Every structure is written in structure tokens, then in C-alpha cells.
Amino acid sequence: MRLINFDIISLFPEYFNGPFSCGTLKIAREKGIIKVNITNPRDFTDEGTVDDYQYGGGAGMVLKPEPLVRAIEAVKRNDSIVVNFSPAGQLLSQKIIQDLSGKCHLILICGRYKGIDERINLIYKPLEISIGDYVLAGGEAAALVLIEAITRLLPGVLGNIDSAEDDSLQAGLLAADIYTRPDNYKMFKVPSVLKSGDHKKIARWRRKESLRKTLIKRPELLGNLKFSKEDLDILLEVVNETEIRI
Ligand code: ADE
């Protein structure tokens, strides 16, 4: 069985109590598909201080390098991938999540205050990840986003019935709209093709809606894809049927 070990380096281990005790993350832990360990740099200080003023002046405290290095060294293995969360990082994507879901050991450094001393980046050359162009109070929320997105891709976490295969973005496109019962709700009906039982027709409809939705909502995603001849035919249909404002 594949197993991913997440070693979180955080000044606030209690931050993770809720998320790891319900839903997907709880199940994955109980099944032994993920193992989560949290190390607090505060336990690796000489005099209890984890942060200090910035050289050169300026608002905001910086996490000192020594406690962080000691915490990282306490969990580091030969196969560890070290990740640091920062708004300056690479924007997190499903592609990065897919790549990381094939690794065995991730060390997730959660900065706080103004951030971490740059020497940590120079020593470990971590993968720097941002979860968006906004500033969080620390890396913990970003680490949770990463862990949850990776975990749901691991074999045995989701049942077949809600497998990740046709998720939005898994194949680079947004997923087609989805419906459940009732068939007719407040005058809005489920598209009849979805009730036809014709699997080929349903698959083509979903592909078309997926291409349509991506073209309208996130056209920049289409630039990264390789299209089959059938996709191009479908796209042409979509373009002819849809008013697209650029
Ligand atoms: N830490 C602070 N802001 C962040 C962001 N946007 N992404 C990742 N880590 C962060």
C-alpha cells in the first residue's frame, strides 16, 4: 500500500486538530494511507524564543533559523521533499498536487509572522508554494490545502463511486455541471441526455460541457492542453453555439 508521511513544522500544532479529525483526512489517517506528524520549533529553542527582529529594521518578526533547522533535521530523511509556504512561491496547481502525490515524505514548513529567515531557503532549497495572491497569517492553512488535495488522490481514500478521475482540473479542464434528484426542481430540469442511459452520448455531452465551461470561465487553461480531433470538432460546435466575450 502507498503511504505518504507528512511532517508539518509549525508553531501551532493545535491548528490542525479539527481538520484531521473529520472527513477525508480522518479516514485516510485511520486507514494508514497518510501519516501526519507535527513538530514545533519551539521545542528546539535554547531560551524559548523562535522569532527575532529583522536586520535592517521594519515591521514584523522573523522566524529564527536555528530552531527551524533543528526541527527539520529531527524529521528529515533521504527521500524528503521540503516545502515552504510563502506568497512568493509557485502558485499551487493540480499538476503540482499530482506530482507530490507520488512522493513518500513531505516536510511542510509553516512560517508565521513576517516569514522565515532566508537561510532556510538557502540551506534546504525547498519547493516554495503559494496558494494564492493574498497574505495569510502563516503557512498552516496552505499546508492543509496541500495535504487535503494530495490525500484525496491517494488510492483507497475515495471510493470508486466518487473517484478523483473526473474532478475539475484533473485533466486540465473544468468538470461538466452535475445533477442529482429531483429531475425537475423549481422549473429547472436535468438535461435529458443524462437520463438516456446512453453512455457514449453522456460522455460526449460531458466532454462538450467541460470544454464549454472551461472556454467561458477559465479560457487560459485551454492553452496548456493537447486536443484530440474529436475535441477540436466539439470545440468548433461550442464556439458556433456560444457567445464568447473576450
Ligand atoms: N503564507 C502567507 N501567505 C501565503 C500564501 N498566499 N500562500 C502560501 N503561504 C502563505
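Please refer to the structure placed before this passage.
Predicted model only: the values in this text are computed from it and were never measured. (Residues numbered from 1 in each chain as written. Predicted model: local features only at pLDDT ≥ 70, side-chain atom pairs only at ≥ 80, totals over all residues. Heavy atoms only, no water.)

1. Quick word on the side chain of Asp167
This is how the line gets drawn: Only runs of H or I of at least four residues qualify as helices and only runs of E of at least two qualify as strands under DSSP, and these elements are numbered from the N terminus. Here a residue-residue contact requires only that any non-hydrogen atoms of the pair lie within 4.5 Å.
Relative to the helices and strands, Asp167 resides in the loop between α5 (140-151) and β9 (184-185). Leaving out residues up to four positions away in the same chain, Asp167 has contacts with Arg152, Leu173 and Ala175.

2. So, the state of the cysteines
This is how the line gets drawn: Note on disulfides: each one is a pair of cysteine sulfur atoms within 2.5 Å.
Inspection of every chain in the model, using the stated rule, returns zero disulfides. A disulfide-free cysteine, Cys22 has its sulfur positioned 18 Å from the sulfur of Cys110, the nearest such atom.

3. Here's the deal with unusual backbone geometry
A cis geometry characterises the amide bond from Arg181 onward to Pro182, with omega recorded as 5°. Relative to the elements of secondary structure, Pro182 occurs in the loop between α5 and β9. One non-glycine residue with positive phi stands out, namely Lys125, at about 45°. When you line up the elements, Lys125 lands in the loop between α4 (118-124) and β8 (127-130).

4. A closer look at the pairing of strand β5 (residues 80-91)
What counts here: Strands are labelled as partners when DSSP assigns at least two bridges between them. Crossovers are marked right-handed if the path from the first strand over the helix to the second runs clockwise, as seen with the strands pointing away from the viewer.
Pairing analysis gives five bridges linking β5 to strand β6 (residues 105-109), with the strands arranged parallel. Pairing of Val82 across the sheet is with Ile107, part of β6. Remark: the β5/helix α3 (residues 94-100)/β6 crossover connection has right-handed handedness. Looking at chain direction, β5 and β8 are connected through five bridges and run parallel. By the bridge assignment for β8, Leu91 is matched with Ser130.

5. Side note on the packing of aromatic side chains
Selection rule: Here a Phe, Tyr or Trp ring, Trp counted by its six-membered ring, pairs with any other such ring whose centre lies within 6.5 Å, and the pair is stacked when the planes are under 30 degrees apart, edge-to-face when over 60, and tilted otherwise.
Taken as a whole, this structure holds two aromatic pairs when the rule is applied. Following the ring pairs from residue to residue traces out a cluster consisting of Tyr15, Phe16 and Phe20.

6. Things to note about the side chain of Lys64
For the record, the criterion: Only protein chains enter the area calculation, which uses a 1.4 Å probe; residues under 20% of their type maximum are buried, those over 50% are exposed, and those in between are partly exposed. Here Asp and Glu are counted as negative and Lys and Arg as positive; His is not counted, and neither are the chain ends. The working definition used for a salt bridge is a side-chain nitrogen of Lys or Arg within 4 Å of a carboxyl oxygen of Asp or Glu.
Counting through the fold element by element, Lys64 comes out in the loop between β4 (62-63) and α2 (65-75). Although Lys64 lies buried, it forms no salt bridge, and the closest oppositely charged side chain, Glu66, sits 4.0 Å away as judged by the N-O distance. Sequence-distant contacts of Lys64, defined by excluding residues within four places in its chain, comprise Thr49, Val50, Asp51 and Asp52.

7. What about the environment of Lys76?
With respect to the secondary-structure elements, Lys76 resides in the loop between α2 and β5. Other than its neighbours up to four places away in sequence, Lys76 contacts Val82, Ile107 and Tyr124.

8. Some thoughts on the packing of helix α1 (residues 23-30) against α5
Applied cut-off: Axis lines are fitted through C-alpha atoms, for helices just across the contact stretch, and the angle between N-to-C directions can take any value from 0 to 180 degrees. When the near helix sits turned anticlockwise from the far one by under a right angle, the crossing is termed left-handed; a clockwise turn instead gives a right-handed crossing.
With their axes 10 Å apart at the nearest point, α1 and α5 run at an angle of 65° to one another. In the packing of α1 onto α5, the handedness of the crossing is left-handed. Only Leu144, Ile147, Glu148 and Thr151 of α5 make contact with α1, whose side of the interface consists of Thr24, Leu25 and Ala28.

9. Brief notes about the nonpolar core
Put simply, the test is: Put simply, buried Ala, Val, Leu, Ile, Met, Phe, Trp, Tyr and Cys residues joined by side-chain atoms within 4.5 Å make one nonpolar core.
In terms of nonpolar packing, the biggest core is built from 29 residues, with Phe6, Phe20 and Leu108 touching the most fellow members. For this core, the secondary structure elements donating two or more residues are β1 (4-9), α1, β2 (34-39), β5, α3, β6 and α5. By residue number, the principal contributor to this core is α5, which donates six residues. Setting aside anything within four residues of it in sequence, one finds Phe6 in contact with Ile34, Lys35, Val36, Asn37, Leu106, Leu108, Ile147, Ile150 and Thr151. Core analysis: the second largest hydrophobic core is formed by 14 residues, Val50, Leu63, Ala71 and Val82 among them.

10. A word on the site of the ligand
Going by this rule: Nearness here has a simple test: a residue counts as near a molecule or strand if at least one of its heavy atoms is within 4 Å of that partner. For the purposes of these results, a polar contact is taken to be a pair of N or O atoms within 3.5 Å, where, inside protein, one atom must be able to donate a hydrogen and its partner to accept one; residues adjacent in sequence count only when each atom of the pair is a side-chain atom. Calculation of accessible area relied on Shrake-Rupley with a 1.4 Å probe; when residues are assessed, cover is drawn exclusively from the protein chains displayed. Residue type decides the class: Asp, Glu, Lys and Arg count as charged, Ala, Val, Leu, Ile, Met, Phe, Trp, Tyr, Cys and Pro as nonpolar, and the leftover types, Gly among them, as polar.
In the vicinity of the ligand, the contacting residues are Phe85, Ser86, Pro87, Ile129, Ser130, Ile131, Gly132, Tyr134, Val135, Leu136, Gly138 and Ala142. Contact distances for the ligand include 3.2 Å between a nitrogen atom and a backbone N or O atom of Ser86. Backbone polar atom of Gly132 to a nitrogen atom of the ligand: 3.0 Å apart, as the coordinates give it. About the coverage of the ligand: the protein hides 95% of its 260 Å² of free accessible area. At three residues, β5 tops the list of elements feeding residues into the shell around the ligand. A class-by-class count of the residues in the shell around the ligand yields eight nonpolar, four polar and no charged.

11. As for the pattern of salt bridges
Where charged atoms of side chains with opposite charge meet at close range, the side chains can pair. Applying the stated criterion to the full structure yields 18 salt bridges. The partner of Asp46 in a salt bridge is Arg70, and the shortest N-O contact between them spans 3.5 Å. Placement of the pair is Asp46 in the loop between β2 and β3 (51-52) and Arg70 in helix α2, with a sequence separation of 24 residues. Overall, the relative accessible area of 34% leaves Arg70 in the partly exposed class. Put simply, Arg204, Lys208, Glu209, Arg212, Glu230, Glu237 and Glu241 are held in one network by salt bridges that share partners.

Purely spatial values, then, with no claim about function.
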